[in-house]
Amino acid sequence: MIHPIDIELLSLEIKKRVSDDVVFFYKNECASSNSECMQLGIQLKNKTVVCVADHQTSGRGRRGNIWHSPAGKNIYCSIGLNKSIPAQYLGLVSLQTGISIASVLRDMGFDGIDLKWPNDLICGGKKLGGILIETRVLENDEYFLVIGFGLNVNQDMSQLDESVKQQITQSATSLTQIIGQPVDRQELLLKLIPELISAITNLSAETVPEVIKNFSNLDYLQGKDVSVKTINGNKFGRYLGIEQSGQIRILIDNEITQFSSAEISLRESKNAID
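Residues numbered from 1 in each chain as written. Predicted model: local features only at pLDDT ≥ 70, side-chain atom pairs only at ≥ 80, totals over all residues. Heavy atoms only, no water.

Next up on the list: the sheet that holds strand 5 (residues 120–123). An order of 1-2-3-7-6-5-4 is seen for the 7 strands of this open sheet, with the pairing classed as mixed. The open sheet has two free edges, formed respectively by strand 1 (23–27) and strand 4 (113–116), since each of these has just one partner strand. Within the sheet, the average angular offset between the axes of one strand and its neighbour, ignoring direction, is 20°. Pairing between strand 2 (residues 49–53) and strand 3 (residues 75–84): 5 bridges, direction antiparallel. The residue bridging Cys51 from the neighbouring strand is Ser78, located in strand 3. Relative to strand 3, helix 6 (residues 185–202) is tilted by about 20°, and along the sheet it contacts strand 2, strand 3 and strand 7 (142–151). (Pairing = 2+ DSSP bridges. Helix = DSSP H or I, 4+ residues; strand = E, 2+ residues; numbered from the N terminus. Axes fitted to C-alpha atoms, helices over the stretch in contact; angles between N-to-C directions. Contact = heavy atoms within 4.5 Å.)

This is the structure we're talking about:
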(Lines give C-alpha, C1' and ligand atoms only; values in the text may rest on other atoms or scores of the structure.)
Protein backbone atom coordinates (compact mmCIF):
# COMPACT_ATOMS: atom_id res chain seq x y z
CA MET A 1 0.00 0.00 0.00
CA ILE A 2 1.35 3.43 -0.95
CA HIS A 3 0.98 5.97 1.85
CA PRO A 4 0.73 9.75 1.36
CA ILE A 5 3.46 11.96 2.74
CA ASP A 6 2.71 13.40 6.21
CA ILE A 7 3.87 16.94 5.52
CA GLU A 8 3.69 18.29 9.07
CA LEU A 9 5.67 15.37 10.48
CA LEU A 10 8.19 15.56 7.66
CA SER A 11 8.74 19.27 8.24
CA LEU A 12 9.18 18.79 12.00
CA GLU A 13 11.64 15.94 11.51
CA ILE A 14 13.68 17.84 8.92
CA LYS A 15 13.98 20.84 11.24
CA LYS A 16 14.96 18.54 14.10
CA ARG A 17 17.64 16.77 12.06
CA VAL A 18 19.02 19.84 10.28
CA SER A 19 18.05 23.19 11.82
CA ASP A 20 15.02 25.20 12.87
CA ASP A 21 16.15 27.75 10.28
CA VAL A 22 15.19 25.43 7.43
CA VAL A 23 12.04 26.71 5.69
CA PHE A 24 9.90 23.82 4.45
CA PHE A 25 7.29 24.10 1.71
CA TYR A 26 4.97 21.47 0.31
CA LYS A 27 3.10 21.84 -2.95
CA ASN A 28 0.32 19.42 -3.84
CA GLU A 29 0.88 20.56 -7.40
CA CYS A 30 3.24 23.03 -9.01
CA ALA A 31 4.90 23.64 -12.36
CA SER A 32 8.37 22.78 -11.06
CA SER A 33 9.77 22.33 -7.55
CA ASN A 34 13.01 23.96 -8.73
CA SER A 35 11.20 27.08 -9.91
CA GLU A 36 9.27 27.30 -6.64
CA CYS A 37 12.44 26.84 -4.63
CA MET A 38 14.34 29.51 -6.56
CA GLN A 39 11.56 32.07 -6.08
CA LEU A 40 11.26 31.31 -2.37
CA GLY A 41 15.01 31.41 -1.88
CA ILE A 42 15.22 34.87 -3.43
CA GLN A 43 12.47 36.09 -1.11
CA LEU A 44 13.83 34.42 2.04
CA LYS A 45 17.42 35.59 2.01
CA ASN A 46 20.02 33.52 3.90
CA LYS A 47 17.57 30.69 4.54
CA THR A 48 17.83 27.06 3.52
CA VAL A 49 14.63 26.22 1.64
CA VAL A 50 13.19 22.76 1.03
CA CYS A 51 10.36 22.39 -1.46
CA VAL A 52 8.60 19.05 -1.94
CA ALA A 53 5.94 18.59 -4.61
CA ASP A 54 3.54 15.70 -5.02
CA HIS A 55 2.95 16.49 -8.68
CA GLN A 56 4.74 18.67 -11.25
CA THR A 57 2.89 19.94 -14.31
CA SER A 58 6.08 21.16 -16.02
CA GLY A 59 8.86 19.13 -14.48
CA ARG A 60 12.22 19.87 -16.06
CA GLY A 61 15.38 17.93 -16.62
CA ARG A 62 18.75 19.03 -17.91
CA ARG A 63 18.88 20.99 -21.20
CA GLY A 64 15.14 21.70 -21.01
CA ASN A 65 14.10 18.05 -21.22
CA ILE A 66 10.68 17.08 -19.84
CA TRP A 67 10.64 15.22 -16.52
CA HIS A 68 7.47 13.08 -16.40
CA SER A 69 5.96 13.71 -12.94
CA PRO A 70 2.86 11.63 -12.10
CA ALA A 71 1.08 12.47 -8.84
CA GLY A 72 1.43 10.47 -5.64
CA LYS A 73 4.09 8.08 -6.89
CA ASN A 74 7.54 9.62 -6.84
CA ILE A 75 9.79 12.14 -5.14
CA TYR A 76 10.16 15.65 -6.56
CA CYS A 77 12.27 17.72 -4.19
CA SER A 78 14.38 20.87 -4.40
CA ILE A 79 16.74 22.24 -1.79
CA GLY A 80 17.87 25.86 -1.97
CA LEU A 81 20.84 27.13 0.00
CA ASN A 82 23.55 29.77 -0.04
CA LYS A 83 26.95 28.40 -0.96
CA SER A 84 30.44 29.82 -1.11
CA ILE A 85 32.59 27.87 -3.56
CA PRO A 86 35.14 28.69 -6.29
CA ALA A 87 33.36 28.88 -9.65
CA GLN A 88 35.53 26.13 -11.18
CA TYR A 89 34.01 23.61 -8.78
CA LEU A 90 30.34 24.35 -9.45
CA GLY A 91 30.22 21.37 -11.81
CA LEU A 92 30.86 19.10 -8.82
CA VAL A 93 27.59 20.05 -7.10
CA SER A 94 25.58 17.70 -9.33
CA LEU A 95 28.14 14.92 -8.83
CA GLN A 96 28.12 15.28 -5.04
CA THR A 97 24.32 15.27 -5.08
CA GLY A 98 24.30 12.01 -7.02
CA ILE A 99 26.88 10.46 -4.70
CA SER A 100 24.79 11.37 -1.66
CA ILE A 101 21.55 10.00 -3.09
CA ALA A 102 23.23 6.78 -4.24
CA SER A 103 24.80 6.36 -0.80
CA VAL A 104 21.46 6.71 0.98
CA LEU A 105 19.77 4.26 -1.38
CA ARG A 106 22.55 1.70 -1.06
CA ASP A 107 22.40 1.99 2.75
CA MET A 108 18.66 1.27 2.51
CA GLY A 109 19.33 -1.95 0.63
CA PHE A 110 18.92 -0.83 -2.98
CA ASP A 111 21.89 -2.53 -4.61
CA GLY A 112 23.42 -1.71 -7.97
CA ILE A 113 22.84 2.05 -7.96
CA ASP A 114 25.23 3.81 -10.35
CA LEU A 115 25.71 7.39 -11.56
CA LYS A 116 25.78 8.55 -15.16
CA TRP A 117 27.56 11.85 -15.72
CA PRO A 118 26.47 14.48 -15.10
CA ASN A 119 23.07 14.01 -13.45
CA ASP A 120 21.43 10.58 -13.78
CA LEU A 121 20.91 7.79 -11.29
CA ILE A 122 21.00 4.37 -12.95
CA CYS A 123 20.08 0.86 -11.83
CA GLY A 124 20.55 -2.14 -14.08
CA GLY A 125 21.22 0.15 -17.03
CA LYS A 126 17.85 1.90 -16.57
CA LYS A 127 17.17 5.44 -15.43
CA LEU A 128 16.04 5.68 -11.81
CA GLY A 129 16.27 9.41 -11.23
CA GLY A 130 17.74 12.70 -12.25
CA ILE A 131 19.30 15.83 -10.81
CA LEU A 132 18.90 19.44 -11.88
CA ILE A 133 21.16 22.11 -10.38
CA GLU A 134 20.26 25.76 -10.93
CA THR A 135 22.39 28.66 -9.79
CA ARG A 136 21.87 32.34 -8.98
CA VAL A 137 25.02 34.41 -8.59
CA LEU A 138 25.06 36.55 -5.45
CA GLU A 139 28.61 37.90 -5.68
CA ASN A 140 32.11 36.56 -6.40
CA ASP A 141 32.12 32.83 -5.53
CA GLU A 142 28.84 33.25 -3.63
CA TYR A 143 25.73 31.55 -5.00
CA PHE A 144 22.20 30.55 -4.20
CA LEU A 145 22.02 26.94 -5.36
CA VAL A 146 18.87 25.00 -6.06
CA ILE A 147 19.52 21.26 -5.86
CA GLY A 148 16.58 19.53 -7.51
CA PHE A 149 16.17 15.77 -7.71
CA GLY A 150 13.48 13.43 -8.93
CA LEU A 151 13.31 9.74 -8.08
CA ASN A 152 11.07 7.10 -9.61
CA VAL A 153 9.74 5.47 -6.47
CA ASN A 154 6.42 3.64 -6.82
CA GLN A 155 5.76 3.66 -10.56
CA ASP A 156 4.69 0.34 -12.09
CA MET A 157 5.89 -0.81 -15.50
CA SER A 158 2.99 0.70 -17.46
CA GLN A 159 3.68 4.10 -15.88
CA LEU A 160 7.39 3.77 -16.54
CA ASP A 161 6.73 2.92 -20.17
CA GLU A 162 4.56 6.04 -20.47
CA SER A 163 7.35 8.07 -18.89
CA VAL A 164 9.79 6.84 -21.52
CA LYS A 165 7.35 7.72 -24.33
CA GLN A 166 6.84 11.26 -23.03
CA GLN A 167 10.51 11.95 -22.38
CA ILE A 168 11.92 10.12 -25.44
CA THR A 169 14.68 8.77 -23.27
CA GLN A 170 16.31 5.53 -22.20
CA SER A 171 14.37 2.79 -20.46
CA ALA A 172 13.40 3.58 -16.89
CA THR A 173 12.95 1.78 -13.58
CA SER A 174 11.66 2.59 -10.11
CA LEU A 175 12.56 1.61 -6.56
CA THR A 176 9.46 -0.55 -6.26
CA GLN A 177 10.47 -2.41 -9.42
CA ILE A 178 13.88 -3.09 -7.89
CA ILE A 179 12.60 -4.65 -4.65
CA GLY A 180 9.11 -5.77 -5.69
CA GLN A 181 7.14 -3.84 -3.08
CA PRO A 182 5.99 -0.26 -2.34
CA VAL A 183 8.55 2.14 -0.91
CA ASP A 184 7.84 4.71 1.82
CA ARG A 185 8.52 8.12 0.27
CA GLN A 186 8.48 9.79 3.68
CA GLU A 187 11.27 7.58 5.00
CA LEU A 188 13.29 8.29 1.87
CA LEU A 189 12.91 12.05 2.18
CA LEU A 190 13.82 11.97 5.88
CA LYS A 191 17.12 10.33 4.95
CA LEU A 192 17.84 12.19 1.72
CA ILE A 193 17.21 15.82 2.68
CA PRO A 194 19.55 16.03 5.73
CA GLU A 195 22.25 14.07 3.88
CA LEU A 196 22.11 16.39 0.87
CA ILE A 197 22.13 19.59 2.91
CA SER A 198 25.16 18.35 4.84
CA ALA A 199 27.01 17.11 1.75
CA ILE A 200 26.56 20.31 -0.27
CA THR A 201 27.28 22.54 2.71
CA ASN A 202 30.57 20.70 3.29
CA LEU A 203 31.60 20.63 -0.40
CA SER A 204 34.81 22.64 -0.82
CA ALA A 205 38.08 22.77 -2.71
CA GLU A 206 39.55 20.50 -0.02
CA THR A 207 36.93 17.77 -0.57
CA VAL A 208 37.32 17.66 -4.36
CA PRO A 209 39.62 14.58 -4.44
CA GLU A 210 37.12 12.66 -2.31
CA VAL A 211 34.24 13.65 -4.62
CA ILE A 212 36.20 12.51 -7.68
CA LYS A 213 37.06 9.19 -6.04
CA ASN A 214 33.50 8.53 -4.85
CA PHE A 215 31.99 9.39 -8.22
CA SER A 216 34.51 7.20 -10.05
CA ASN A 217 33.49 4.24 -7.86
CA LEU A 218 29.88 4.68 -9.04
CA ASP A 219 30.58 5.79 -12.61
CA TYR A 220 28.26 3.86 -14.95
CA LEU A 221 30.08 4.95 -18.13
CA GLN A 222 33.64 4.24 -17.02
CA GLY A 223 35.55 2.72 -19.96
CA LYS A 224 32.47 2.49 -22.18
CA ASP A 225 31.96 3.67 -25.75
CA VAL A 226 29.82 6.79 -25.86
CA SER A 227 28.02 9.07 -28.26
CA VAL A 228 28.81 12.75 -27.71
CA LYS A 229 26.20 15.16 -29.05
CA THR A 230 27.54 18.68 -29.59
CA ILE A 231 26.32 21.72 -31.51
CA ASN A 232 28.51 20.49 -34.36
CA GLY A 233 26.93 17.04 -34.51
CA ASN A 234 27.55 13.60 -33.00
CA LYS A 235 30.93 12.07 -32.30
CA PHE A 236 31.85 8.66 -30.97
CA GLY A 237 34.54 7.97 -28.42
CA ARG A 238 35.53 6.20 -25.24
CA TYR A 239 34.67 7.65 -21.87
CA LEU A 240 37.76 8.00 -19.64
CA GLY A 241 36.28 9.53 -16.48
CA ILE A 242 36.15 12.96 -14.84
CA GLU A 243 38.57 15.74 -14.04
CA GLN A 244 38.88 17.74 -10.82
CA SER A 245 36.58 20.38 -12.30
CA GLY A 246 33.82 17.85 -13.03
CA GLN A 247 34.55 17.89 -16.77
CA ILE A 248 34.83 14.56 -18.54
CA ARG A 249 37.57 13.13 -20.74
CA ILE A 250 36.63 11.40 -23.99
CA LEU A 251 39.03 9.61 -26.32
CA ILE A 252 38.00 10.65 -29.84
CA ASP A 253 40.13 9.76 -32.87
CA ASN A 254 43.09 8.93 -30.61
CA GLU A 255 42.93 12.35 -28.92
CA ILE A 256 41.62 13.08 -25.43
CA THR A 257 39.07 15.91 -25.36
CA GLN A 258 37.50 17.46 -22.26
CA PHE A 259 33.85 18.51 -22.11
CA SER A 260 31.67 20.30 -19.59
CA SER A 261 28.03 19.39 -18.98
CA ALA A 262 26.92 22.65 -20.64
CA GLU A 263 28.58 21.67 -23.93
CA ILE A 264 27.26 18.20 -24.67
CA SER A 265 24.70 15.48 -24.25
CA LEU A 266 26.23 12.08 -23.52
CA ARG A 267 24.90 8.57 -24.11
CA GLU A 268 26.26 5.07 -24.03
CA SER A 269 26.94 3.88 -27.57
CA LYS A 270 26.93 0.47 -29.19
CA ASN A 271 29.26 1.80 -31.90
CA ALA A 272 32.68 0.57 -30.80
CA ILE A 273 35.56 2.89 -31.61
CA ASP A 274 38.24 0.22 -31.94
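For the structure on display, the rule yields 0 aromatic pairs. If you follow Lys224 out to its NZ or CZ, it ends over the ring of Tyr220, 3.5 Å from the centre. (Phe/Tyr/Trp six-rings, centres within 6.5 Å; stacked < 30°, edge-to-face > 60°. Lys NZ or Arg CZ within 6 Å of the ring centre and 35° of its normal.)

Here the focus is the sheet that holds strand 10 (residues 248–252). Each strand in a sheet pairs with its neighbour through backbone hydrogen bonds, running either in the same direction (parallel) or in the opposite one (antiparallel). The strand order 11-10-9-8-12 describes an open sheet built from 5 strands, whose pairing is antiparallel. Edge strands, defined here as strands with exactly one partner in the open sheet, are strand 11 (255–259) and strand 12 (265–268). This sheet shows a mean twist of 40° between the axes of neighbouring strands, independent of strand direction. One ladder, built from 5 bridges, connects strand 10 with strand 11; its direction is antiparallel. Looking at strand 11, one finds that Ile248 is bridged to Phe259.

To continue, consider the environment of Ile147. As for its placement among the helices and strands, Ile147 is situated in strand 7. By relative accessible area, which is 1% here, Ile147 ends up buried. Sequence-wise, Ile147 and Asn34 are 113 residues apart; in three dimensions their C-alpha atoms are separated by 7.6 Å. (Buried < 20%, exposed > 50% of the residue type's maximum accessible area, 1.4 Å probe, protein only.)

Next up on the list: helix 1 (residues 7–17). Residues of helix 1 that are buried include every one of Leu10, Ser11, Glu13 and Ile14, and no others. One face of helix 1 carries all of its buried residues, which in axial projection span an arc of 170°. Facing away from the buried side of helix 1 by over 90 degrees, the exposed positions are Glu8, Leu12 and Lys16. Next to the buried residues of helix 1 lie strand 1 and helix 6. Two to three positions downstream of the cap, the backbone nitrogen of Glu8 sits 3.4 Å from a side-chain oxygen, assigning the N-cap of helix 1 to Asp6. (Arc of directions from axis to C-beta. Polar contact = N/O pair within 3.5 Å; in protein donor to acceptor, adjacent residues only side chain to side chain.)

A few words on the environment of Ile231. Inspection of the secondary structure puts Ile231 in the loop between strand 8 (225–230) and strand 9 (233–242). Residue classification places Ile231 among the exposed positions, given a relative accessible area of 80%.

To continue, consider the pattern of salt bridges. Opposite charge on two side chains permits pairing when their charged atoms draw close. According to the stated counting rule, one finds 11 salt bridges in the structure shown. Salt-bridge contacts for Lys16 lead to Glu13; the nearest nitrogen and oxygen are separated by 3.3 Å. Residue Lys16 and its partner Glu13 are located together in helix 1, separated by 3 residues, close to a single helical turn. The exposure class of Glu13 is buried, given its relative accessible area of 17%. (Salt bridge = Lys/Arg side-chain N within 4 Å of Asp/Glu carboxyl O.)

The next subject is unusual backbone geometry. The residue after Trp117, namely Pro118, is reached through a cis peptide bond having omega 0°. Position of Pro118 relative to the elements: it lies in the loop between strand 4 and strand 5. One non-glycine residue, Asp253, lies in positive phi territory at about 50°. Residue classification places Asp253 among the exposed positions, given a relative accessible area of 70%. Of note in the backbone geometry, Asn254 takes a positive phi value of approximately 65° without being a glycine. Among the secondary structure elements, Asn254 is positioned in the loop between strand 10 and strand 11. Asn254 gets classed as exposed once you look at its relative accessible area, which sits at 74%.

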